[in-house]
Protein chains: 2
Amino acid sequence: MRNNHIVIMAGGVGSRFWPLSTPEYPKQFIDILGCGRTLIQLTVDRFKGICPMSNFWVVTNVKYVDIVKKQLPDLPAEHILAEPAARNTAPCIAWACWSIRQEDPAANVVVTPADAVVMNPEEFRRVIANALSFTYKYNAIVTIGIKPSRPETGYGYIEVDTQAIKQSSVQEINEVKAFKEKPDHDTAEKYLKAGNYLWNAGIFVWNVETITECIKKYKPVIADQMDEIVNGQPSTVNSKLNEVFPNCEKISIDFAVMEPGAADGLVYTHPADFGWSDLGNWASLHDKLQKDESNNGAVGNIKLYECSNCVVHAEDARKVVLQGLDGYIVSEKKGQILVCRRSEEQRIREFSVE
Amino acid sequence: MRNNHIVIMAGGVGSRFWPLSTPEYPKQFIDILGCGRTLIQLTVDRFKGICPMSNFWVVTNVKYVDIVKKQLPDLPAEHILAEPAARNTAPCIAWACWSIRQEDPAANVVVTPADAVVMNPEEFRRVIANALSFTYKYNAIVTIGIKPSRPETGYGYIEVDTQAIKQSSVQEINEVKAFKEKPDHDTAEKYLKAGNYLWNAGIFVWNVETITECIKKYKPVIADQMDEIVNGQPSTVNSKLNEVFPNCEKISIDFAVMEPGAADGLVYTHPADFGWSDLGNWASLHDKLQKDESNNGAVGNIKLYECSNCVVHAEDARKVVLQGLDGYIVSEKKGQILVCRRSEEQRIREFSVE
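Residues numbered from 1 in each chain as written. Chains lettered and ligands numbered in written order. Predicted model: local features only at pLDDT ≥ 70, side-chain atom pairs only at ≥ 80, totals over all residues. Heavy atoms only, no water.

A. Examining the overall build of chain A more closely. Helices and strands together make up the secondary structure of chain A, namely 11 helices and 17 strands. Among the 354 residues that make up chain A, the fraction classed as buried is 57%. The contacts in chain A between residues at least 6 apart in sequence include a share of 67% that link residues at least 24 apart. For chain A, the computed accessible surface area is about 14,400 Å², with 47% contributed by carbon and sulfur atoms. Between the centroid of the 38 positive side chains of chain A and the centroid of its 45 negative side chains there is a distance of 2 Å. (Helix = DSSP H or I, 4+ residues; strand = E, 2+ residues; numbered from the N terminus. Buried < 20%, exposed > 50% of the residue type's maximum accessible area, 1.4 Å probe, protein only. Contact = heavy atoms within 4.5 Å. Areas by Shrake-Rupley, 256 points an atom, 1.4 Å probe, with all protein chains shown as cover. Lys, Arg positive; Asp, Glu negative; His and termini not counted. Charge placed at Lys NZ, Arg CZ, Asp CG, Glu CD.)

B. Spatial organisation of the relation of the copies chain B and chain A. Superposing chain B onto chain A takes a rotation of 180 degrees plus a shift of 0.0 Å along the axis, which leaves an RMSD of 0.0 Å. Interpreted geometrically, this transformation is the action of a two-fold axis. Among all residues of chain B, the minimum C-alpha distance to the rotation axis is found for Gly335 of chain B, at 3.7 Å. When the interface residues of chain B are mapped onto chain A, 100% of them again fall at the interface, so both copies present the same face. (Least-squares fit on C-alpha atoms with pLDDT ≥ 70 in both.)

C. Spotlight on the packing of aromatic side chains. Applying the stated rule across the entire model yields 32 aromatic pairs over all chains. Consider the rings of Tyr25 of chain A and Phe29 of chain A, whose centres lie 6.4 Å apart with planes at 75 degrees: the pair is edge-to-face. Take Tyr25 of chain A: its relative accessible area is 22%, and that puts it in the partly exposed class. By way of ring pairs, the aromatic residues Phe47, Phe56, Phe124 and Phe274 of chain A are connected into one cluster. The side chain of Lys334 of chain A reaches across the aromatic face of Tyr25 of chain A, ending 4.3 Å from its centre. A cation over a ring is seen here: Arg46 of chain B above Phe124 of chain B, with NZ or CZ 5.7 Å from the ring centre. (Phe/Tyr/Trp six-rings, centres within 6.5 Å; stacked < 30°, edge-to-face > 60°. Lys NZ or Arg CZ within 6 Å of the ring centre and 35° of its normal.)

D. Fine view of the confidence of the model for chain A. Model confidence for chain A is summarised by a mean pLDDT of 93, while 97% of its residues fall at 70 or above. Interface scoring of the predicted complex returns ipTM 0.85; its pTM is 0.86. (pLDDT = per-residue confidence, 0-100.)

E. Examining the sheet that holds strand S17 (residues 336-341) of chain A more closely. Read across the sheet, 6 strands follow the order S12(A)-S14(A)-S16(A)-S17(A)-S15(B)-S13(B) without closing on themselves; strand pairing throughout is mixed. Only two strands of the sheet have a single neighbouring strand rather than two, namely strand S12 (297-300) of chain A together with strand S13 (302-305) of chain B. Recorded for the sheet is a direction-independent mean angle of 5 degrees between the axes of neighbouring strands. The pairing of strand S14 (residues 311-314) of chain A with strand S16 (residues 328-333) of chain A spans 3 bridges and is parallel. By the bridge assignment, Val312 of chain A is partnered in S16 of chain A with Val330 of chain A. (Pairing = 2+ DSSP bridges. Axes fitted to C-alpha atoms, helices over the stretch in contact; angles between N-to-C directions.)

F. Spotlight on the packing of helix H3 (residues 89-103) of chain B against helix H6 (residues 208-218) of chain B. Residue and element names in this part refer to chain B. Viewed as axis vectors pointing N to C, H3 and H6 meet at an angle of 130 degrees, and their least axial separation amounts to 10 Å. In terms of their interaxial angle, H3 and H6 are classed as oblique. The two elements H3 and H6 meet at a crossing, and its hand is left-handed. Contacts between H3 and H6 involve Ala94, Cys97, Trp98, Ile100 and Arg101 from the former and Val208, Ile211, Thr212, Ile215 and Lys216 from the latter. Grouping the constituent residues of the contact of H3 with H6 by class yields 7 nonpolar, 1 polar and 2 charged. (Parallel < 35°, antiparallel > 145°, perpendicular 65-115°, else oblique. Left-handed = near helix turned anticlockwise from the far one by under 90°. Nonpolar A, V, L, I, M, F, W, Y, C, P; charged D, E, K, R; others polar.)

G. Molecular detail of the sheet that holds strand S17 (residues 336-341) of chain B. Taking strand neighbours across the sheet as the criterion, the 6 strands line up as S13(A)-S15(A)-S17(B)-S16(B)-S14(B)-S12(B) in an open arrangement whose pairing is mixed. Strands with a single pairing partner mark the edges of an open sheet, and in this sheet they are strand S13 (302-305) of chain A together with strand S12 (297-300) of chain B. When strand polarity is set aside, the average angle formed by the axes of neighbouring strands in this sheet is 5 degrees.

H. Spatial organisation of helix H7 (residues 220-230) of chain B. Residues and elements named next belong to chain B. For H7, every residue scored as buried is listed here: Ile222, Ala223, Gln225, Met226, Ile229 and Val230. Seen along its axis, H7 keeps its buried residues to an arc of 160 degrees; they face one direction. Facing away from the buried side of H7 by over 90 degrees, the exposed positions are Val221 and Asp224. In this structure, the buried side of H7 is in contact with H3, H6 and helix H8 (237-244). (Arc of directions from axis to C-beta.)

I. Representation of the interface of chain B and chain A within the structure. Across the contact, 29 residues belong to chain B and 29 residues belong to chain A. When chain B packs against chain A, the two sides together hide about 2,600 Å² of surface, and 48% of this comes from carbon and sulfur. On the chain B side of the contact with chain A, Lys319, Gln323 and Ile337 of chain B bury the most area, a combined 25% of that side's loss. On the surface where chain B and chain A come into contact, there are 2 salt bridges. For the salt bridge of Arg347 of chain A with Glu306 of chain B, the shortest nitrogen-to-oxygen distance reads 2.9 Å. (Buried area = accessible area lost by both parts, 1.4 Å probe. Salt bridge = Lys/Arg side-chain N within 4 Å of Asp/Glu carboxyl O.)

J. The environment of Arg150 of chain B, seen in detail. Residue and element names in this part refer to chain B. Counting through the fold element by element, Arg150 comes out in the loop between strand S6 (141-146) and strand S7 (157-160). Taking the C-alpha atoms as reference points, Arg150 and Gln233, 83 residues apart in sequence, are found 51 Å from one another. Apart from residues lying up to four places away in sequence, Arg150 is in contact with Tyr155, Tyr157, Leu192 and Trp199.

K. Summary view of the pattern of salt bridges. All names here are of chain A. Applying the stated criterion across every chain yields a total of 34 salt bridges over all chains. For the salt bridge of Lys240 with Glu228, the shortest nitrogen-to-oxygen distance reads 3.3 Å. Of the two residues, Lys240 sits in helix H8 (residues 237-244) while Glu228 sits in helix H7 (residues 220-230), which places them 12 residues apart along the sequence. The class for Glu228 is partly exposed, based on a relative accessible area of 35%. Residue Glu315 is joined to Lys333 by a salt bridge in which the shortest nitrogen-to-oxygen separation is 2.9 Å. Pair noted here: Glu315 is in the loop between S14 and strand S15 (319-323) and Lys333 is in strand S16, with a separation of 18 residues, a long-range link. Glu315 sits in the partly exposed class, given a relative accessible area of 30%.

See below:
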């Protein structure tokens, strides 16, 4: 546990939840479930017992640093890694792991997004602990694979060979055969039926030696850039970061490491079923909220009359009265208001900028 | 013009426009038309040229005094009459007229609500000037009668005898035969067809001698109470007011003076057609707002997509996006939000308190 580290990626802008989520205050910093904790706070909460707070790291955009400090006051300030520019997940994760290795060369690391939801944190901790004991022993990359409950077309999939349990005394963990892009509906149906496809939740577990070696092998330029960033004199670290980081290749960890790693037999997955949702859209929020008898999910001081199938989030508003709405999204945040049919939610990003 | 005085009654709470209008900040103090002026400011504006600002008076609840001062900075502070309690229009008007008589015994007075709208202020001024020259010469009570454009059941009516133009060199002004309560639809249709029925707009014109004498005659107790309030020593006026005013009979000027006055042949009406509306509900606001090609009327930074027949008022909100609404009221003010079918607007008062 002393060597366990958690990296929370909190740089997203969450534009599909406008106006609840804005580029100034994105969804990971919002109490989107109305439970009294923001998504990033819930993310920290669910790792309780896996490692002490001093082993948490947050990678985020420089403009969110103050929000992170306020929402996670116990996080060591030097563990907030402030990206001067968004370069996708590979440079983000590389920087975190290079930084962790400096502090703890024996580190065993979990990387997680800040904005997902887990309904069964106990099972979550069991799975993470299982994966950590695997990467403690083996030079393996483990990605958590969520057992699919529907033919979802919005996620990438992980294909496993259910026969091969290799190199491991820890059951449950399987070698990844291949990563699959977001499928069309028919393919998603096929995946669901086949039983050996899992959702890629973007939660990764590895020891720091393995991941840094993999990045050196598959993305040597990024590895060199990270050496440059972390090996400077303390007085020059910040200017090095501003100089080097924005020039890093803009690439996801999936393309940079997972796919070539899988081809080399280095990537494993831990199938899991802990009520995970990426809360990527209003439909998934509606799904996770407690509903009234008319299937409305509402967060805030909301009074509903003759409303059904609505999802409402207005935590800032003093009072909201809705009458006669069926199947609408209603959201308010800091003086911006959206009322929109749920069937049109893919247009919200466009609404927010027009 | 030196003897013309304007009394603006601004004590209403406007609960049908919640949350736009609240008991803390009612509709007469709101820029409800989105024109840059509140209703009370528009009311003052439309009397420009009738009398100087030093002859304006505002009767309002004590809790709105600061709002009045802020919105009408040129109004003499001693002309804001702060009611310690709402006692309907008869005590309100009596107090104003008793106060005016002290300052100007030859005063010629117009009394008007603060929250009506007039689309043709020029014609309004012509009618008011006409009525004022009538009451300058005669001891008459003139009420402005709006020529009806529809069989409205929400207003009281004034019946006139179109033959009798009496006691007057000023044409247009007719003796009132009777006041009629809000009619049912069939009666309203009959009134409209008959041609000699007008809407009672609650705008009155008289000289101060006439109205004070009428109140003495028809409501002697109120008259005595007013004597008590205004004739005290300056040091005791306020305590007298707080002691006496809340005990005044709660009665409208219509019942207290107009109806008995009409029976005595003292009441006249000036038929008028200057685009008047009492803005009593959302339907009348929708009516007065400029509409887009889908019959939406909107005040504020509002973006509409596939919306029609909506009335939207959200001047406080930074941005409002509405999609897929037909026939709705949407309103925001100081963090309170209402979305409601227009057909259900009579329930808004109930929504606001539940």
